[in-house]
Amino acid sequence: MKSARFPYARHRHGTPSPTTPALECLNVTVRYPGADAPAVRNVSLTVPQGSRVALVGSNGAGKSTLLKAAASLLPLTSGTIRVHGSPAGGCCHRVAYLAQRGDLDWRFPMTVRRLVLTGRFVHLGWLAWPRKEDHAIVERVLDLLQIRNLAERRIGELSGGQQQRVLLARAMAQEADTLLLDEPMTAVDASTRQVVRDVLRSLAQAGKTIIAATHDTHEIEFEFDKVIHLTAGTADDLSSDRQPISAISESV
């Protein structure tokens, strides 16, 4: 992929070494303005490239906050985050973030195809129009998520399961190396659940790194290499040592 002439990020990047972690968090603390306590406190973890990691925990445990910080959508109170060796936010094209459905305004007058196409914008930068190859990538992911028949439908007309497929299609259109997924299986129908599982498995087989916040613990040991449990903003690695993923935190 040719680099954007006027990229959104201020930094230029080379290809990271295969040994460079996909995600590194060191003593990360995030506090929302006006909050009495941090949403994430002193979390340290390292995720190798190609790993599948589940972040589990109750509501308010800090799962979504940690993903948003890794995607550079929230500032850090303290600590550091590096994504493929670069500071969070300095490597936008290598990280795709899938938000929870409730974080989007589905009343916005946009078609499914147009929303998925926005996943290509990070490769275009400012003042550039989508190219033939960008449109081809969009059509491919629409097929993979089985939503080509919805391409010209307004996003406000979609069911919850259809919305989730569209959001995943947008993330896939970015062709990022690492996907940060916030509750990808929440409140979706059985067919969407199976489609999403199949797509995530194919991405993992292609060497993509998948970090997902989830309440869905059904067969979690088969879907992920590691499980990291967040409690009151701190993290513990609950899984076996199949891969060298660490999660270290202060006790609460």
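Residues numbered from 1 in each chain as written. Predicted model: local features only at pLDDT ≥ 70, side-chain atom pairs only at ≥ 80, totals over all residues. Heavy atoms only, no water.

A. Just the side chain of Thr-65, in detail. Tracing the backbone through its elements, the reader meets Thr-65 in helix H1 (residues 63-70). Side chain to side chain, Thr-65 and Tyr-32 meet in a polar contact 2.8 Å long. For Thr-65, the contacting residues outside a window of four places in its chain are Val-30, Tyr-32, Ala-39, Val-40 and Leu-74. (Helix = DSSP H or I, 4+ residues; strand = E, 2+ residues; numbered from the N terminus. Polar contact = N/O pair within 3.5 Å; in protein donor to acceptor, adjacent residues only side chain to side chain. Contact = heavy atoms within 4.5 Å.)

B. The pairing of strand S8 (residues 209-213), seen in detail. The element S8 is extensively covered by neighbouring structure, given that five of its five residues are classed as buried. Residues Thr-209, Ile-211 and Ala-213 point to one face of S8 and Ile-210 and Ala-212 to the other, with burial holding for every one of them. Summarising the sheet, strand S7 (residues 178-182) and S8 pair through five bridges and their orientation is parallel. Paired with Leu-181 across the bridge in S8 is Ala-212. In this fold, S7 hands off to helix H6 (residues 190-205), which returns the chain to S8; that crossover is right-handed. (Buried < 20%, exposed > 50% of the residue type's maximum accessible area, 1.4 Å probe, protein only. Pairing = 2+ DSSP bridges. Right-handed = clockwise from strand over helix to strand, strands pointing away.)

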